[in-house]
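Below are the chains, spelled out letter by letter.
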Amino acid sequence: MAKAVIGISASEVTIQSGPFMGEPRTYVNAAYVDSVLKNGGIPLVIPFTAGGSEMAFKQLDLVDGLILSGGHDLDPHLYGEEIDQKSGETWPDRDAFDMALLKRAEETGKPVLGICRGAQIINVAHGGSMWQDLSLRPGNTLKHMQATRPDVGTHVVKIKSGTNLEKIMGESSLMTNSFHHQLIKEVAPDLTESASASDGVTEALESTDGKVIAVQWHPEEMHANPAPEAAIMNRLFKYLIDKAEEEKQ
C-alpha cells in the first residue's frame, strides 16, 4: 500500500533582516514534519494562498489527510463578536484558507487533525465559539500559555470515556503542553468534547465519524520527548496516517 500524503497547513512570517527583509516566508515548525515522517506518512507543506477557496481545494486534493497547524488568533467576527482588547493578532485571510482546506477535506472524506489554532478553526467552522482571552472566562482558569520548553507537559487533560480519542490514546488522562491564550467557549453542535482540563476548559474535540480529531495542545512538540508521553502523542499521528491510508483504498 502506498504511504499516505499528509498536508500540513502553513503560516507566514516576515523576514526581519538580511537581503530579503520585509518579505513574507512560508513556514511550519519542523516538529510537524518530523511527526508525520516518524509515524509512516509523507509530509507535504501546504502554503497559504489568497484569493478564495478554489486554490485551497486544489491543494487539498493533492493529499490524503490534513493537519491544521497552530498560529494566529481567530477573527472573532467569525463567531459573531467584536475584537476585545485582549485578543491577539488575527489573519482573516488565513482563517478563510484553513476553513476552505477543512471544508474540502470533509467533503472528500479525508481525515483531519487540528492542533491548537487548528482545533479552534474546526470548532468555529462547525458553529462553535471562543473566549478571546483566558482572562475573559469566568471562574478559575489554569495557565494555558506555558513558559517552559514546548516538549514538556505542564497540565493534565482528562479524556472522556467512550470517545474515539480514548481509543486512539489508550489513556484516560494525559500530561500535555499548552500554548493558547484563547479558549473554546461553546462546542460546535455537531462535534463532541472528548477531553478537558481540570478547570473545565475544552482540550479536545472529535466528529462522530472519527475523521476529525482536534486537540488544543501540541503533540508534535512532545512526540520526540524521551518521557513516556512521546509514544502516546505519536498515536495521534499514527491514527491520522492509518485513517488516510484506509480512505485511499
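Relevant structure appears above.
These numbers were taken from a predicted model, which means no experiment stands behind them.

Rules used throughout
Residues numbered from 1 in each chain as written. Predicted model: local features only at pLDDT ≥ 70, side-chain atom pairs only at ≥ 80, totals over all residues. Heavy atoms only, no water. Helix = DSSP H or I, 4+ residues; strand = E, 2+ residues; numbered from the N terminus. Rg over C-alpha atoms; globule rule 2.2 N^0.38 Å. Buried < 20%, exposed > 50% of the residue type's maximum accessible area, 1.4 Å probe, protein only. Contact = heavy atoms within 4.5 Å. Areas by Shrake-Rupley, 256 points an atom, 1.4 Å probe, with all protein chains shown as cover. Right-handed = clockwise from strand over helix to strand, strands pointing away. Pairing = 2+ DSSP bridges. Phe/Tyr/Trp six-rings, centres within 6.5 Å; stacked < 30°, edge-to-face > 60°. Expected span 1.5 Å × (residues − 1). Axes fitted to C-alpha atoms, helices over the stretch in contact; angles between N-to-C directions.

### Observations concerning the overall build of the protein chain
Check the secondary structure of the protein chain and you find seven helices and 13 strands. Compactness check: the protein chain gives a C-alpha radius of gyration of 17 Å against a globular reference of 18 Å for 249 residues, within 12% of the reference. Dimensions of the protein chain, computed from the C-alpha atoms along their principal axes, are close to 45 × 45 × 40 Å. Relative to its 249 residues, the protein chain shows a buried fraction of 52%. A fraction of 68% describes how many contacts in the protein chain between residues 6 or more apart in sequence connect residues 24 or more apart. Element-wise, carbon and sulfur atoms account for 52% of the exposed surface of the protein chain, whose accessible area totals about 11000 Å².

### Comments concerning the pairing of strand S6 (residues 112-115)
Remember that side chains alternate between the two faces of the sheet whenever the strand is regular. Alternating residues of S6 divide into Val112 and Gly114 and Leu113 and Ile115, and every residue in both groups is buried. The handedness of the strand S5 (residues 65-68) to S6 crossover, carried by helix H3 (residues 92-107), is right-handed. Here four bridges tie S6 to strand S13 (residues 212-215), and the two strands are oriented parallel to one another. The partner of Ile115 across the bridge, within S13, is Val215.

### Description of the packing of aromatic side chains
As enumerated under the stated definition, the model contains two aromatic pairs in all. An angle of 55° between the planes, with centres 4.7 Å apart, marks the rings of Phe48 and Trp91 as tilted. Of the two residues, Phe48 is situated in the loop between strand S4 (42-46) and helix H2 (53-60) and Trp91 in the loop between S5 and H3; the sequence distance between them amounts to 43 residues. As far as the burial class goes, Phe48 and Trp91 line up, both buried. Between Phe48 and Phe97, the aromatic rings sit 5.5 Å apart at their centres with planes inclined by 80°, giving edge-to-face as the arrangement. Linking Phe48 in the loop between S4 and H2 with Phe97 in helix H3, this pair joins segments that are 49 residues apart in sequence.

### Some remarks on the side chain of Gln216
By the secondary structure assignment, Gln216 is in the loop between S13 and helix H6 (219-222). Sequence-distant contacts of Gln216, defined by excluding residues within four places in its chain, comprise Cys116, Ala119, Gln120, His180, Gln182, Ile184, Thr202 and Glu203.

### Here's the deal with unusual backbone geometry
Despite not being glycine, Cys116 shows a phi value in the positive range, around 55°. Its place among the elements puts Cys116 in the loop between S6 and helix H4 (117-125). Judged by relative accessible area, which is 7%, Cys116 ranks as buried.

### Some thoughts on helix H7 (residues 229-248)
Taking 1.5 Å of rise per residue, the 20 residues of H7 would be expected to cover 28 Å, and the 30 Å separating its terminal C-alpha atoms lies within 8% of that figure. Of the positions making up H7, those classed as buried are Ala230, Ile232, Met233, Asn234, Leu236, Phe237, Leu240, Ile241, Lys243, Ala244 and Glu245.

### Section: the sheet that holds strand S9 (residues 173-176)
The strands making up a sheet are joined through hydrogen bonds of the backbone, oriented either antiparallel or parallel. Strand order in the open sheet made by the nine strands is S4-S1-S5-S6-S13-S12-S11-S8-S9, with mixed pairing throughout. Of all strands in the sheet, those with a lone pairing partner are S4 and S9, marking the two edges. The mean angle between the axes of side-by-side strands here comes to 20°, regardless of whether they run parallel or antiparallel. This element, helix H1 (residues 30-38), spans strand S1 (5-9), S4, S5 and S6 of the sheet and lies at about 150° to S4. Strands S1, S4, S5, S6 and S13 of the sheet are contacted by H3, whose axis makes an angle of about 150° with S5.

### Re the environment of Asp242
The residue Asp242 is located in helix H7 in this model. A relative accessible area of 28% places Asp242 in the partly exposed class. With 158 residues separating them along the chain, Asp242 and Asp84 place their C-alpha atoms 41 Å apart.

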